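Survey of secondary and tertiary structure
Residues per chain are reported as follows:
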Amino acid sequence: MVHREPAEAAAAAAAGGETSISTQPPSSSQQAAPPPAVLVYKVGYPPRRSLATEFTSTLRETFFHDSPLKQCKDQSVSTKLQMGLQLLFPVLGWGRTYSLSMFKGDLVAGLTIASLCIPQDIGYSKLAYLDPEYGLYSSFVPPLIYAAMGSSKDIAIGPVAVVSLLLGSLLQKEADHDKDREEYLRLAFTATFFAGITQAALGFLRLGFLIDFLSHAAIVGFMGGAAVTIALQQLKYVLGIRSFTKETDIVSVMESVWGSVRHGWNWQTVAIAFTFLAFLLLAKYIGKRNKKYFWVPAIAPVTSVILATLFVYLFRADKQGVQIVNKIKKGVNPSSVHKIYFTGPFVAKGFKIGAVCGMIGLTEAVAIGRTFAAMKDYQLDGNKEMVALGTMNIVGSMTSCYIATGSFSRSAVNFMAGCRTPVSNVVMSTVVLLTLLLITPLFKYTPNAILGSIIISAVIGLVDYEAAILIWKVDKMDFVACMGAFFGVVFKSVEIGLLIAVSISFAKILVQVTRPRTVLLGNLPGTTIYRNTEQYPHARILRWLTDEEDRVSAEGLPRISFLVVEMSPVIDIDTSGIHALEDLYKNLQKRGIQLLLSNPGSAVIEKLQSSKLTEHIGNGHIFLTVADAVRFCTSKSMQEP
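Residues numbered from 1 in each chain as written. Predicted model: local features only at pLDDT ≥ 70, side-chain atom pairs only at ≥ 80, totals over all residues. Heavy atoms only, no water.

**Quick notes on helix α7 (residues 141-149)**
Note the threshold: Exposed residues in this analysis have more than 50% of their type's maximum accessible area, buried residues have under 20%, and partly exposed residues fall in between, with area computed by a 1.4 Å probe over protein chains only. Under the scheme used here, helices are H or I runs from DSSP no shorter than 4 residues and strands are E runs no shorter than 2 residues, and both carry numbers assigned from the N terminus. Residues count as neighbours in contact if any of their non-hydrogen atoms are within 4.5 Å of one another.
Regarding α7, the residues found buried are Val141, Pro142, Pro143, Tyr146, Ala147 and Met149. On the buried face of α7, the contacting elements are α3 (77-88), α4 (91-94), α6 (132-137), β1 (156-158), α16 (382-397) and α18 (423-439).

Structure follows, in structure tokens:
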């Protein structure tokens, strides 16, 4: 048998040679040609590593995969100190290049989100069973801290509906907000303090990857269920019901609503609520249809508050049963350090509530930050974000604030209004300060009905039915997690829905690890490759890229044009993984780099196809092997001028 050496085979390929296989038997006068040589490579074994080396490598890959201190290498002590401060306070970096033109964009964005946040803050504080001024306090101090420490240019900071509802629901189980008002308030500040401690600790210890255990599907279901629950809670204000259940499940709420239908509803309240709810939804529709009218839904809430307040004042509708906000305490945030529980039985309760609310706040803020960072093509440091969010909540707990985080509705408006830096948060904070000092008495006659309408219009967007449909198409187990979280929140409570979401997410991970997929492999005709017989039933019609052109040598290193992701080790993928892959694709597209996939398994390619990610990447950019992908890259590179 004649063996062709690898160098000889490579030379033949470079010369454009090809091998043909004859289907006719050789004649008696001809000598049968030897079969082509097959090169067999054995698996290479990496050198053994000591326990210390392996442990150190694992820690580095887990906690410091992004090499945060790489830029400090070979620098002087003073430079390292400066870089360290800049790492903790990004404002020291971008602040040096801040200009008047950038401030113009931040000023417009800040004023726009301020008009949105003020009525929302008053309404969200009611979800947490706190007085209206605490919602405004929470949009004054925390945004200032975040502006100095945050790395996102687009996040707008303040109270949000889901965290407010969760906080109020958990606090109410420990202290009654009506009977034990002072104790309830102290526990709220304690929970906010420990929420900040939890968030900052996760960032400093670089444990941000822990929030990824709460899958995208679970978050979709939880947020949708919370939105429905929040909307149901607003029926108390929209219908003018004075005696209302403290439970959050849909059965208790509807029993309370229908039980008061004969004598508990106020028609003036209903008229105000539904009139302005229609106005708010119309404004949101206009802004969604035409992006240049983004300011319409942004100013609609404050416009509604002004008009509704004026109506109640002129016609004294409060004398006819319309419930109003009454007095909002005037002035700047008072200190609340002395109200935080640092000892006693409430410390453990505050820590438990704070940790849960802090994790949900983190998940929402990081997801929002990554979304807008991808749109503007800049990097977002998740661990740095956690430190910033944690610090602002720690300081907030000492200045009469409750848990604040990134708001999706405000961040979207901030983005569309043309914000350039976190200074837009400073502008918003300044407007809130002026409101606390000067305008709060004007909110006395603001009807609760309009606040309920504003909250309902704000949370409608949290019910992402399109994402739920996509999850059903992609991964049925993810859909179970999504629906489990949704129904748990709607029919039981917010914390039960959250527990279901986390439990199913962990269960899915355990199932995938302990029960890996087993498939029957078959040979692809004409090759030495074996693949899943269910994935490639028609392997005979597959075509291989066979063109092997001479490589064109160029001076210097060529730019990166392709990124090949080898997916053979990926036995399955869920919606969180698909979103991560989609984000990677979008980022690479902006940099002019094409994403290529190599050998995705049957379960993986099926879900990629269901999510339509294969259409975005292009079926022509998904390959059977890395070698095929490399040949494609080489061919494309050679075609470029």
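**Comments concerning the environment of Tyr285**
With respect to the element layout, Tyr285 can be found in helix α13 (residues 267-289). Put simply, Tyr285 and Pro297 are twelve residues apart on the chain and 8.1 Å apart in space, counted from C-alpha to C-alpha.

**Digging into the pairing of strand β5 (residues 562-566)**
Here is the rule: Should DSSP find at least two bridges between two strands, the strands are regarded as paired. Looking down the strands as they point away from the viewer, one classifies a crossover as right-handed if the path from the first strand across the helix to the second runs clockwise.
As judged from the five bridges shared by β5 and strand β6 (residues 594-598), these two strands associate in the parallel manner. Pairing of Phe562 across the sheet is with Gln594, part of β6. Note that the unit made of β5, helix α23 (residues 575-590) and β6 has a crossover that is right-handed.

**Section: the nonpolar core**
Basically, it comes down to this: Buried Ala, Val, Leu, Ile, Met, Phe, Trp, Tyr and Cys residues form a nonpolar core when they are joined through side-chain atoms within 4.5 Å.
Counting residues in each nonpolar core, the largest one holds 98 residues, and the members touching the most others are Leu130, Leu167, Phe222, Ile230, Ile353 and Cys357. Per-element tally for this core: the top contributor is helix α9 (residues 181-204), with nine residues. When residues no more than four places from it in sequence are discounted, the contact partners of Cys357 are Val163, Leu166, Leu167, Leu170 and Ile403. By size, the runner-up hydrophobic cluster in this structure holds 16 residues, among which are Tyr146, Leu362, Met392 and Ala412.

**Thoughts on the packing of aromatic side chains**
Selection criterion: Each aromatic pair joins two rings of Phe, Tyr and Trp (for Trp, the six-membered one) with centres within 6.5 Å, and gets the label stacked for planes under 30 degrees apart, edge-to-face for over 60, and tilted for any other angle.
Applying the stated criterion to the full structure yields 18 aromatic pairs. Residues Phe194 and Phe351 carry aromatic rings whose centres are separated by 5.7 Å and whose planes lie at 85 degrees to one another, so their mutual orientation is edge-to-face. On the criterion of sequence distance, the pair formed by Phe194 in helix α9 and Phe351 in helix α15 (residues 346-376) is long-range, its members being 157 residues apart. Taking relative accessible area as the criterion, Phe194 reaches 13% and is therefore assigned buried. The class of Phe351 is partly exposed, set by a relative accessible area of 43%.

**Things to note about the sheet that holds β5**
By definition, the strands of a sheet pair up through backbone hydrogen bonds, in either a parallel or an antiparallel sense. This is how the line gets drawn: Axis definition: a line fitted to C-alpha atoms, limited for helices to the stretch in contact. Angles are taken between N-to-C directions and run from 0 to 180 degrees.
Overall, parallel pairing links the three strands, which are arranged β5-β6-β7 in an open sheet. What marks the edges here is a single partner per strand, and that holds for β5 and β7 (622-623). By the bridge criterion, two bridges tie β6 to β7 in an arrangement that is parallel. Note on β7: the bridge partner recorded for Ser598 is Phe623. Across the sheet, helix α26 (residues 626-639) touches β5, β6 and β7, and the angle it forms with β5 is around 175 degrees.

**Looking at unusual backbone geometry**
A positive phi is found at Tyr129, a non-glycine position, where the angle reads about 60 degrees. Here Tyr129 is to be found in the loop between α5 (100-127) and α6. Classification of Tyr129 as buried rests on a relative accessible area of 18%. Of note in this structure, Arg316 is not a glycine but carries a positive phi near 45 degrees. Topologically, Arg316 is positioned in the loop between α14 (295-315) and α15.

**Focus on the side chain of Thr363**
As a reminder of what qualifies: We define a polar contact as two N or O atoms separated by no more than 3.5 Å, with the added condition that, inside protein, one atom must be a possible hydrogen donor and the other a possible acceptor, whereas residues neighbouring each other in sequence contribute only through side-chain atom pairs.
Take Thr363: it is sitting in helix α15. Only 2.9 Å separates the side chain of Thr363 from the backbone oxygen of Met359, close enough to count as a polar contact.

Coordinates in, geometry out; function isn't part of it.
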